[in-house]
Every structure is written in C-alpha cells, then in structure tokens.
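Spelled out, the chains give:
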Amino acid sequence: WPTATNNLQLAGNKLKKANTHFLKAGLHASRLKEMTPGARRVHARDIMDILTDPQLTFLSEPKLPEVCVTDFLDKSAAISELLFRLESELAKAKARSDGDALVNTAQRAIDQGSKDQRVGLFASANKNFASAEQLIEQAQASFDSIKMSMPEIEMRWAEACNQENVCPMLTREKQMELEQALRAREKPDLWEPRNWNVSHGMDL
C-alpha cells in the first residue's frame, strides 16, 4: 500500500502540472471564457490542427454550437474529475494501509500471547489477546470504511458540478447540450458519454 499511495500521489502531481500547462495553452475554462466564439474556433484549428483529421473538420462549421468547440478545447473538466477520483482513491488506499497495519500488529500480539501462554504468563497472554481483538475490530472498521460514501468529497463534487462560471463542462446542462449537439450532427461517438459522478470513481 505504501507503493500504491506513492503512485497515486505522483499521479496527483502530474495532473496538477498538466492542468497548469493546459491553462497556459488556453485549454482551460478560465482562459476560454475570455475568448470570443470566433477566437475559440481559431484556437481549435491552431492548437488541435483539426483540419488534418476528417472526423474533426465539423468543428470548423460556422453554425456549430459553441458547446462543441468549448468542450473540445476545455481540459479542466476532465482534469477536475480525475482529481476528485484520485482523492477518493487516496482515501481508500490509506484505509486499506491502516487496516493492514492493524492486522499485522494484531498478529504480533497473538503470537506474543501464545508465547506467554506456553510459559505460564497467563495474565500477559490475556492482555495480548484482548489487545489483538481490539486491533482486529479497528482493522475491520477501517476496511468497512472503504465501502462507505464520502460525504465531504461528494459535497465538494456537487458544488463543482454547479459552478458554470468556473468549469462549465462539468455541469449536467452543458453535458446534455453537448450530447444533443453531437447527436444532431450524427457524431455521438466522438466523445464517450460522461458520467460526472464522484461515486463512479469510488470502489463501492
């Protein structure tokens, strides 16, 4: 679990760096909303070189709904979802790590209790066994917590999904608007349907 936790933390650092680079490149909601619709279309052509991909040439259509261009450019929504999912995974990894550590300590207490019992130190043996029992109960509680909801994370996620001025493509309204626009142009497979739900990133 220490290795898993370390890898998750490394992933978090990379996501934060990626977000910074996307922001500098203008591929972030906070930068895109400063641009005019025309500027966003030019940005899409310049940054993504959409004209070289036959599947993406529709992004240069003059009457294309703005939501398509915005979603194509905006990377902050996907980064935000990954950061929330990463946070929940880190919490679960910590719970598993804590549970394993408690189990190991309980095992040592049982081993010591068995040794005490063999040499007639019954009071010490009972103390070690009682300690082991408590540790096992704590470990079970730690493992059980992995399957529980995370109200604090879920509350912040819900807030993020309702801040249209901060990250519009996280909102259900924009997601529905995007889906309708793509289906109307027979392009529903360009982006997979997004289930912006923090529980999707939790091992329930």
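Residues numbered from 1 in each chain as written. Predicted model: local features only at pLDDT ≥ 70, side-chain atom pairs only at ≥ 80, totals over all residues. Heavy atoms only, no water.

**Focus on the overall build of the protein chain**
From N to C terminus, the protein chain includes eight helices and zero strands. The order of helices and strands in the protein chain, counted from the N terminus, is α-α-α-α-α-α-α-α. Among the 204 residues that make up the protein chain, the fraction classed as buried is 34%. Considering only contacts in the protein chain between residues 6 or more positions apart, those separated by 24 or more positions represent 69%. (Helix = DSSP H or I, 4+ residues; strand = E, 2+ residues; numbered from the N terminus. Buried < 20%, exposed > 50% of the residue type's maximum accessible area, 1.4 Å probe, protein only. Contact = heavy atoms within 4.5 Å.)

**Overview of the confidence of the model for the protein chain**
Of the residues in the protein chain, 89% reach a pLDDT of 70 or more, and the chain-wide mean stands at 84. Here helix 3 (residues 37–48) stands out as the element of the protein chain with the lowest mean pLDDT, 80, in contrast to helix 6 (residues 122–145), whose mean of 95 is the highest. Counted against residues more than four places away or in other chains, residues 200–204, with its pLDDT under 50, gives 20 contacts. (pLDDT = per-residue confidence, 0-100.)

**Concerning the packing of helix 5 (residues 76–118) against helix 7 (residues 151–160)**
Any two packed helices are characterised by how steeply their axes cross, that is the angle between the axes, and by the distance between the axes. In contact at an axis separation of 11 Å, helix 5 and helix 7 are set at 175 degrees when each is read in the N-to-C sense. Taken together, the axes of helix 5 and helix 7 lie roughly antiparallel to each other. In this structure, helix 5 uses Ser 80, Glu 81, Phe 84, Glu 87 and Ser 88 to contact helix 7, whose residues at the interface are Glu 152, Ile 153, Arg 156, Trp 157 and Ala 160. For the contact of helix 5 with helix 7, the residue count by class is four nonpolar, two polar and four charged. (Axes fitted to C-alpha atoms, helices over the stretch in contact; angles between N-to-C directions. Parallel < 35°, antiparallel > 145°, perpendicular 65-115°, else oblique. Nonpolar A, V, L, I, M, F, W, Y, C, P; charged D, E, K, R; others polar.)

**Observations regarding the packing of helix 1 (residues 2–24) against helix 5**
At a minimum axis separation of 10 Å, helix 1 and helix 5 run at an interaxial angle of 165 degrees. Judged by the angle between their axes, helix 1 and helix 5 are roughly antiparallel. Note that helix 1 runs across helix 5; the crossing there is left-handed. From helix 1, Thr 5, Leu 8, Gln 9, Ala 11, Gly 12, Leu 15, Lys 16, Ala 18, Asn 19 and Phe 22 reach across to helix 5, where they touch Ser 76, Ile 79, Leu 82, Leu 83, Leu 86, Glu 89, Leu 90 and Ala 93. Classifying every residue of the contact of helix 1 with helix 5 gives 11 nonpolar, five polar and two charged. (Left-handed = near helix turned anticlockwise from the far one by under 90°.)

**Considering the nonpolar core**
Counting 26 residues, the largest nonpolar core has Leu 59 and Cys 68 as the members making the most contacts within it. For this core, the elements supplying multiple residues, two or more each, are helix 4 (66–73), helix 5, helix 7 and helix 8 (172–184). Broken down by element, this core gets its largest block of residues, five residues, from helix 4. In terms of nonpolar packing, the next biggest core, distinct from the first, is built from six residues, Leu 102, Ala 106, Ala 132 and Leu 135 among them. (Core = buried A, V, L, I, M, F, W, Y, C linked by side-chain atoms within 4.5 Å.)

**Overview of the pattern of salt bridges**
If you walk through the whole model with that rule in mind, you get eight salt bridges. Its salt-bridge partner being Glu 66, residue Arg 41 comes within 3.9 Å of it at the nearest N-O pair. Taken together, the residues Arg 41 in helix 3 and Glu 66 in helix 4 connect sequence positions 25 residues apart. Residue Glu 66 is classed as partly exposed on the basis of its relative accessible area, which comes to 22%. The salt bridge involving Asp 98 is made with Lys 94; its shortest N-O contact spans 2.8 Å. (Salt bridge = Lys/Arg side-chain N within 4 Å of Asp/Glu carboxyl O.)

**Quick notes on the side chain of Ser 76**
You can see Ser 76 is positioned in helix 5. The buried category is assigned to Ser 76, whose relative accessible area is 6%.

**As for the environment of Asp 116**
Following the sequence through the fold, Asp 116 ends up in helix 5. For Asp 116, a relative accessible area of 6% corresponds to the buried category. Between the C-alpha atom of Asp 116 and that of Asn 128, which follows or precedes it by 12 residues, the distance is 8.9 Å. Setting aside anything within four residues of it in sequence, one finds Asp 116 in contact with Leu 121, Ser 124, Ala 125 and Asn 128.

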